[in-house]
Amino acid sequence: MLDSLVTSKTRVKLLLKFFAHSNSGYLRSLAKEFDESTNSVRVELNRLTDAGLLLAEDEGKTKVYRANHSHPFFSEIKGMVSKFLGLDELMEKIVKRMGNVEKAIIVGDYAQGVDSGTIDLILVGQDLDLEYLDFIVNKTFEKINRKVRVQVLEILPSDTAGILVYGK
């Protein structure tokens, strides 16, 4: 859906990265995360920055990008991204009822901006209500017509790449 509105796959990945949660990133890390050339990522970062959707700030020698929360379309784009991911209601319910959820990260195809029909999600926390999680996953499929695969971990491996949708 989002990829039919936005023709650049790299731009879709950047919108998902920055508008799914308050993420930030710099050119080389984004290129590595998306498995894209730094040039294609740079072009899209410049376009989104010129449009005012992203802010670029210098941190030492590195330019760090993040979503511009004061842009007039910030809420609308964030809403579109959440609906694209189908996780707005799911995350709200999980966080309220699951217990001590520290982080939720989308990995796999959706993290790359590809709508494969399956959302892979990693939940990091302790003493989570797995019975309730199964119930929510089934309800989510009924509502958004997408399969949700959830992996529950107590500690997030340092090499995990994805889009942080809850936590820090």
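Definitions and cut-offs
Residues numbered from 1 in each chain as written. Predicted model: local features only at pLDDT ≥ 70, side-chain atom pairs only at ≥ 80, totals over all residues. Heavy atoms only, no water. Pairing = 2+ DSSP bridges. Helix = DSSP H or I, 4+ residues; strand = E, 2+ residues; numbered from the N terminus. Core = buried A, V, L, I, M, F, W, Y, C linked by side-chain atoms within 4.5 Å. Buried < 20%, exposed > 50% of the residue type's maximum accessible area, 1.4 Å probe, protein only. Contact = heavy atoms within 4.5 Å. Axes fitted to C-alpha atoms, helices over the stretch in contact; angles between N-to-C directions.

Here strand 2 (residues 54–59) pairs with strand 3 (residues 62–67) via six bridges, running antiparallel. Following the sheet pairing, E57 is matched in strand 3 by V64. Two successive antiparallel strands, strand 2 and strand 3, enclose a turn made up of two residues, where G60 displays a positive phi of approximately 70 degrees.

By size, the foremost hydrophobic cluster in this structure holds 39 residues, and its most contacted members are F18, F19, L45, I94, M98 and L123. Take this core: its biggest share by element is six residues, from helix 2 (residues 9–19). Filtering out sequence-adjacent residues up to four positions away, L45 remains in contact with L14, F18, L27, L30, L54 and Y65. Of all hydrophobic cores here, the second largest spans six residues; its members include I105, V107, I122 and L153.

Right, let's get into the sheet that holds strand 1 (residues 24–26). With antiparallel pairing, three strands are arranged side by side in an open sheet as 1-3-2. What marks the edges here is a single partner per strand, and that holds for strand 1 and strand 2. The mean angle between the axes of side-by-side strands here comes to 30 degrees, regardless of whether they run parallel or antiparallel. Contacts between helix 2 and the sheet are confined to strand 1, strand 2 and strand 3, with strand 3 contributing the most and set at about 80 degrees to the helix.

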